[in-house]
Amino acid sequence: MIVGKKYFNNAVFYTVFKKHYCPSCGTKLTRIKASKIVNSRSPEAENYGFSSGDSFMVGDVELIWTEFYCPTCEKRISIDEMRRIEKEQKK
């Protein structure tokens, strides 16, 4: 049973106000929400923060973040991966 949800997007300006294109086909990418349920006591929980304001979420928490999606290739690209790809393309 999910006891909480945590939304995170550390790059709002980068994801919302900038245009991004698929590295494979050149189609303009859209933003989609991706999610994963993680238990706060699992070893995987060390990679995520479970604080919510002044409290700490315990149990199964749904983590929700933004990813890029190509409607043509049906490829999903994380924000970090897209930044790396665009940095390499500038060189």
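The preceding data block contains the structure.
All values derive from a computational prediction rather than experimental measurement.

Enquirer: So what's going on with the pattern of salt bridges? Which residues, and what values?
Expert: Taken as a whole, this structure holds 5 salt bridges when the rule is applied. Notably, a salt bridge pairs Lys 36 with Glu 44, separated by 2.4 Å at the nearest N-O pair. The shortest N-O distance in the salt bridge between Glu 67 and Arg 76 comes to 3.0 Å. Glu 67 gets classed as buried once you look at its relative accessible area, which sits at 12%.

Enquirer: For a nonpolar patch on the surface, give the residues involved together with the corresponding values.
Expert: A grouping of Val 12, Phe 13, Val 16 and Phe 17 is seen on the molecular surface, where their side chains present a nonpolar patch of about 430 Å² in accessible area. As for its position among the elements, Val 16 is in helix α1 (residues 12-16). By relative accessible area, which is 37% here, Val 16 ends up partly exposed.

Enquirer: Got a sec to walk through the side chain of Glu 62? Specific residues and values, please.
Expert: Positionally, Glu 62 belongs in strand β5 (residues 60-69). Within the structure, Glu 62 has its side chain in polar contact with the side chain of Ser 35 (distance 3.5 Å).

Enquirer: Explain the packing of aromatic side chains to me, and be specific about the residues and the numbers.
Expert: Tallied over the entire structure, the rule returns 3 aromatic pairs. Judged by centre distance (6.1 Å) and plane angle (25 degrees), the rings of Phe 8 and Trp 65 are stacked. One end of the pair, Phe 8, is in the loop between β1 (2-7) and α1; the other, Trp 65, is in strand β5, and 57 residues separate them in sequence. Classification of Phe 8 by relative accessible area gives partly exposed; the value is 31%. A centroid spacing of 6.3 Å and a plane angle of 75 degrees characterise the contact between Tyr 14 and Phe 68, whose relative ring orientation is edge-to-face. Here Tyr 14, found in helix α1, pairs with Phe 68, found in strand β5; they are 54 residues apart in sequence, far enough to count as distant. Each member of the pair, Tyr 14 as well as Phe 68, is classed as buried.

Criteria and thresholds
Residues numbered from 1 in each chain as written. Predicted model: local features only at pLDDT ≥ 70, side-chain atom pairs only at ≥ 80, totals over all residues. Heavy atoms only, no water. Salt bridge = Lys/Arg side-chain N within 4 Å of Asp/Glu carboxyl O. Buried < 20%, exposed > 50% of the residue type's maximum accessible area, 1.4 Å probe, protein only. Patch = residues over 30% accessible without salt bridge, like charges linked within 9 Å, V, L, I, M, F, W, Y side chains within 5 Å. Areas by Shrake-Rupley, 256 points an atom, 1.4 Å probe, with all protein chains shown as cover. Helix = DSSP H or I, 4+ residues; strand = E, 2+ residues; numbered from the N terminus. Polar contact = N/O pair within 3.5 Å; in protein donor to acceptor, adjacent residues only side chain to side chain. Phe/Tyr/Trp six-rings, centres within 6.5 Å; stacked < 30°, edge-to-face > 60°.

That's the geometry; what it means functionally is another story.
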